[in-house]
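# Structural characterization, general
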Amino acid sequence: MILQALDACMEQKYPLMDTDHITSSEVLLHVKDRDTGRVYSRKLPLDYKENNNGLTLDGETADGKASSIVFYSETAIEKFADITGRGEKHNHSCGEYGTP
């Protein structure tokens, strides 16, 4: 909820800025401890990419190997379902490959 409010505030402050694609070479992470309620902040050296399909965090493992985490948006998940024949637009009376 806080992020939506921040987004709305930023859209009012910068109405002509394109926010369809966001990138950054570092991420500021806020974590609230479950037991104490204390909030901790950490600046992480992660590449952040976000668009209407979701977001990607790219970094390295302790061994220096590339690693990525991808979070898909509902829009992207619906697109995947449609192109694989599992979406709402799919004719469910047909077989697996669209044949009766």
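Residues numbered from 1 in each chain as written. Predicted model: local features only at pLDDT ≥ 70, side-chain atom pairs only at ≥ 80, totals over all residues. Heavy atoms only, no water.

So, on to the overall build of the protein chain. Check the secondary structure of the protein chain and you find two helices and six strands. Of the regular secondary structure in the protein chain, the N- to C-terminal order runs α-β-β-β-β-β-β-α. A burial count over the protein chain gives 11% of its 100 residues as buried. Considering only intrachain contacts with a sequence separation of at least 6, the fraction spanning at least 24 residues in the protein chain is 15%. For the protein chain, the computed accessible surface area is about 9100 Å², with 55% contributed by carbon and sulfur atoms. (Helix = DSSP H or I, 4+ residues; strand = E, 2+ residues; numbered from the N terminus. Buried < 20%, exposed > 50% of the residue type's maximum accessible area, 1.4 Å probe, protein only. Contact = heavy atoms within 4.5 Å. Areas by Shrake-Rupley, 256 points an atom, 1.4 Å probe, with all protein chains shown as cover.)

A full pass over the atoms with the stated rule returns one aromatic pair. Ring geometry for Tyr72 versus Phe80: centroids 5.0 Å apart, planes at 85°, classification edge-to-face. Taking relative accessible area as the criterion, Tyr72 reaches 48% and is therefore assigned partly exposed. Phe80 gets classed as partly exposed once you look at its relative accessible area, which sits at 38%. (Phe/Tyr/Trp six-rings, centres within 6.5 Å; stacked < 30°, edge-to-face > 60°.)

Let us look at the sheet that holds strand β5 (residues 54–60). Strand order in this open sheet of four strands is β1-β4-β5-β6, and the pairing throughout is antiparallel. Pairing within the sheet leaves two strands with one partner each, and these edge strands are β1 (22–24) and β6 (66–72). Neighbour-to-neighbour, the strand axes of this sheet turn through a mean angle of 10°, independent of strand direction. (Pairing = 2+ DSSP bridges. Axes fitted to C-alpha atoms, helices over the stretch in contact; angles between N-to-C directions.)

Where β1 and strand β4 (residues 47–51) come together, three bridges link them in antiparallel fashion. Bridge assignment links Ser24 to a residue of β4, and that residue is Tyr48. With five bridges connecting them, β4 and β5 associate as antiparallel partners. Note on β5: the bridge partner recorded for Asp47 is Asp58.

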